[in-house]
Amino acid sequence: MPFLLLGLLAVVWAQAMGRTSPVQTIEGRSLDWRFQFRGPIQWASSPVVLIPIEEGAELPYRSPIPRGHLASIIEKLPRAALVGLDILLDSPSFDEEGDARLKKGLAEMGRVVAVSYLADGEEHLPHPYFREALLDRGYATFAIGTDAEVVRRGTLWREADGRRLLSLAGCLFAHWKGLNIERVRAGEIELPERGPLINFSGPANAVYRETEGMVGGFLICPSHLVARGIYPEAFFEGKIVLIGSGLMDAPDRFRTPFFASAYGYEKTYGVEIHAQFLDMLLRGGFLREPGAVHRWLLTAILALLAVVLVFCFDALKGGIGAFVLLASWWGGGFALFTSWGIVVPLIAPSLGLAAAFGAATAYRALIEGREKRTVRKLFEKYLAPDVVRELLDDPSCWELGGKTMEITVMFADLEGFTPVSEQLAPQELVKLINRFLNEMSSVIWLEGGTIDKYEGDLIMAFFGAPLPQDDHAARACRSGLKMQERMAELRREWQAQGLPELRVRIGLHSGSAVVGNMGSDFRLSYTAMGDAVNLASRLEGANKEFGTYLLVSQATREQAGERREFAFRELGEIKVKGKSKPTSVCELLPGGG
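Residues numbered from 1 in each chain as written. Predicted model: local features only at pLDDT ≥ 70, side-chain atom pairs only at ≥ 80, totals over all residues. Heavy atoms only, no water.

K.L.:
Explain the environment of Glu193 to me, please; I cannot follow it from the model alone.
P.N.:
Structurally, the position occupied by Glu193 is in the loop between helix H7 (181-185) and helix H8 (205-208). The partly exposed category is assigned to Glu193, whose relative accessible area is 41%. A sequence separation of 50 residues divides Glu193 from Ala143, and the C-alpha atoms of the two residues are 14 Å apart. Apart from the residues within four sequence positions on either side, Glu193 is in contact with Arg153, Leu156 and Glu289. (Helix = DSSP H or I, 4+ residues; strand = E, 2+ residues; numbered from the N terminus. Buried < 20%, exposed > 50% of the residue type's maximum accessible area, 1.4 Å probe, protein only. Contact = heavy atoms within 4.5 Å.)

K.L.:
I'm lost on the packing of aromatic side chains in this one. Help?
P.N.:
Think of a pair of aromatic rings as described by two things: how far the centres are apart, and how the planes are tilted against each other in angle. Within the structure shown, the criterion is met by 16 aromatic pairs. Geometrically, the ring pair formed by Tyr129 and Phe130 is edge-to-face, given 5.0 Å between the ring centres and 90° between the ring planes. For Tyr129, a relative accessible area of 28% puts it in the partly exposed group. Taking the centre distance of 5.4 Å and the plane angle of 80° together, the rings of Phe258 and Tyr263 count as edge-to-face. Of the aromatic side chains, those joined through ring pairs into one cluster are Phe35, Phe200, Phe258, Tyr263 and Phe337. The cationic tip of Arg253 hangs over the ring face of Tyr269; the distance from NZ or CZ to the ring centre is 4.9 Å. Its guanidinium or amino end placed over the ring of Tyr549, Arg503 lies 5.4 Å from that ring's centre, counting from NZ or CZ. (Phe/Tyr/Trp six-rings, centres within 6.5 Å; stacked < 30°, edge-to-face > 60°. Lys NZ or Arg CZ within 6 Å of the ring centre and 35° of its normal.)

K.L.:
Help me understand the environment of Ser30 in this model?
P.N.:
Summarising the element assignment, Ser30 is placed in helix H2 (residues 21-38). Residue class for Ser30 comes out buried when judged on its relative accessible area of 0%. Separated by 58 residues in the primary sequence, Ser30 and Leu88 place their C-alpha atoms 34 Å from one another.

K.L.:
Could you clarify how one ought to interpret the layout of surface pockets in this entry?
P.N.:
It is the rolling of a water-molecule-sized probe over the atoms that shows where space remains empty. In this model, the second largest pocket occupies a volume close to 630 Å³. Elements that contribute at least two residues to the lining of the second largest pocket include exactly strand E3 (112-119) and helix H10 (270-283). Here the lining of the second largest pocket gets three residues from one element, more than from any other, and that element is E3. Considered class by class, the residues forming the lining of the second largest pocket number 14 nonpolar, eight polar and six charged. (1 Å grid on protein atoms, 1.4 Å probe; cavity = no way out; pocket = protein on both sides within 12 Å on 5 of 7 lines; lining within 4 Å. Points joined across faces, edges and corners; volume = space filled by probe spheres on them. Nonpolar A, V, L, I, M, F, W, Y, C, P; charged D, E, K, R; others polar.)

K.L.:
Honestly, the packing of helix H11 (residues 292-312) against helix H12 (residues 315-340) in this entry has me stumped. Any pointers?
P.N.:
Contact geometry for H11 and H12: axes closest at 9 Å, N-to-C directions at 160°. As judged from the angle between their axes, H11 and H12 are roughly antiparallel. Relative to H12, H11 is oriented so that their crossing is right-handed. On the side of H11, the interface is formed by Leu298, Leu302, Leu305, Ala306 and Leu309, while H12 contributes Gly318, Gly321, Ala322, Leu325 and Trp329. Residues that form the contact of H11 with H12 fall into these classes: eight nonpolar, two polar and no charged. (Axes fitted to C-alpha atoms, helices over the stretch in contact; angles between N-to-C directions. Parallel < 35°, antiparallel > 145°, perpendicular 65-115°, else oblique. Left-handed = near helix turned anticlockwise from the far one by under 90°.)

So, to be careful, I would describe these as geometric facts and stop short of saying anything about function.
Below is the structure:
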């Protein structure tokens, strides 16, 4: 179960990171990229009409917007269902005639909602002079992201002193739906989601209008044309009209997801954002975001898949799989947004995937390292260190159950050991045998041989497995000669201690054998089996008949090749039980003579 724990820890960490400002910033950027990848879209016809006050209005002054010009616009909208005025009426202007005309127009229209603004948690209302002529008010403040002041969400309401303050879009929406506005403000009537993502239909009006003529599904009518009566009153019948600044130096311009080089890095006017948000509310074209449970679940799925990749594949395949999984998640996220307006989180799940993959990889490396050290300690008792190292680097070199390999088998046995064992005390006998086995095994290991087993004073070894060795016969011959040299040194040492003279008889044969892990469910042994093993054993015993101490078969001689380090003396043939043909044997001598 450790891999499950690793995955769950990665999920918790990723979700915790998802709450931090840097990750939320990147997540916001990923949403911007999805908008830009989708590009501008054209919705069906909308009841929203946008009237920007642009440079073409040729205003005598800009701050405040001349009240007479605003009055000229309001007077042309008697049939509009609602008017949203995204211009602050926080005080009368120096144009008393214009103020009076505007107040009259607001009162006669009777369906105008003007903006208030929020400061220090309080709502600052329009000036009382204008307030009595208004239908209602709604704050204009947007939910600004922490990264480069990007507007991605709209707000319908905010809590303040137990009441709900409605935004401009929220207030217009509530009046359009015929809701009791006081009950809405008291929280007795619920509005749609409090702060949904705005499904922007395109970039800033100044860029988009040049190619399409309108943003989304709502019309854009320049204020100076409306004020001149170019548009008939019936044109605005039943519409929600939004009026706001579209001047180049207007302070309420904001970055949206379409603020990018492809769209000239144009900021979007606040009134246009209100229009896009309100249009979305009326159409019901909300972007869908998974809830907290689903976000955790999505992150958990990615994290656990990453862990499975680590534990089911090697590092390279697992890494490629993790990359493909990550790319698929991002590609799926973009496709879901473009086709169905579903906004799945990309960054936190990606962090979960990366963390789970990294933690699982580290854990696997730790476990495999521990296992390798255990295996190394175990097999270095049987194999040469270099062979063990190669096996650990490439375990595919050997398989459970064994496989047929070309090897050279060695049997080595002490001559005259039985009489000696009767003369020595048990402790001295063990000491002597251990010394013999130690010295002989060292020689075998240095030549890359594998110790198969010890049986008393007998050693069985083979060359050419588990790692194939093209020169296995030559290695076995070289090992046999060195064993005889080392045995001569041991003899002199033991004779000086008063011990009897001991010699080692060695038999070598090359041929095919099955090499691998064999045994039962309870115990396995890495060994070799076959005729080659039986014949090598027979050659070791045949040393008695020929009065030799290093006997090799003709097969071993041929495979060892003509080398200056070896000399062979042909001895004749021996009959091996179970074989119809005799086997030629020779004595291996040192010195290439």
